[in-house]
Amino acid sequence: MKEKKILVSGTYSGLGKFLFSKIGSHKYKRNMNIRKYNNTNWDVIIHCGFYTGENIENMDESIQHSLKISLLKSRKFIFISSLIVYENQKKRSENSKLKPRNSMYANSKIISESFFDKKKTLILRLGTLVGNSMRKNKINKLLYEKKPKLS
């Protein structure tokens, strides 16, 4: 049986780290020459890596990597986005619409999603993830700290 060529970004922590440890895949390294990845016809590219802070230069770099990854040759893409790109408006009816948020992180996710729109892509807008390789978040605090301080 032919081994699948799977590329995963964001393998330093979180979902990318978990997926890399569980499936036979290759790591996308930001400092690697993109030609290395261009020379492969990938079966699946899973783009998990993304900067979540408020530094504009780091956010721009994250968007640029999303663009580079979207231009690679792959049969399928899986883009890991976030529920933060939308928030519920005041419920006027059962069919209430969702509207874009104004945070830099949410806007950068929306921009990056647009790179993958016309490709064979599954965009997953995930909520909070919990697990050994995940970054510390409010859910982790609630589960593991005796007296969690939440904002």
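Our structure is the block above this text.
Residues numbered from 1 in each chain as written. Predicted model: local features only at pLDDT ≥ 70, side-chain atom pairs only at ≥ 80, totals over all residues. Heavy atoms only, no water.

## Overview of the pattern of salt bridges
Pairs may arise between side chains of opposite charge once their charged atoms sit close together.
Working step 1: Here the structure, examined in full by the defined rule, presents two salt bridges.
Working step 2: Residue Arg75 is joined to Asp43 by a salt bridge in which the shortest nitrogen-to-oxygen separation is 3.1 Å. With Arg75 in strand E4 (residues 74-82) and Asp43 in strand E3 (residues 42-47), this residue pair connects regions lying 32 residues apart in the sequence.
Working step 3: One salt bridge connects Arg125 with Glu113, and the closest N-O pair in it is separated by 2.6 Å. (Salt bridge = Lys/Arg side-chain N within 4 Å of Asp/Glu carboxyl O. Helix = DSSP H or I, 4+ residues; strand = E, 2+ residues; numbered from the N terminus.)

## Describing the pairing of strand E1 (residues 6-9)
Along a regular strand, successive side chains alternate from one face of the sheet to the other.
Working step 1: Of the two faces of E1, the one carrying Ile6 and Val8 and the one carrying Leu7 and Ser9 are both buried.
Working step 2: Strand direction decides the pairing type here: E1 and E3, joined by four bridges, are parallel. Note on E3: the bridge partner recorded for Leu7 is Ile45.
Working step 3: Looking at chain direction, E1 and strand E2 (residues 26-27) are connected through two bridges and run parallel. The residue of E2 that forms the bridge with Leu7 is His26.
Working step 4: For the crossover that starts at E1, traverses helix H1 (residues 14-22) and ends in the parallel E2, the hand is right-handed. (Buried < 20%, exposed > 50% of the residue type's maximum accessible area, 1.4 Å probe, protein only. Pairing = 2+ DSSP bridges. Right-handed = clockwise from strand over helix to strand, strands pointing away.)

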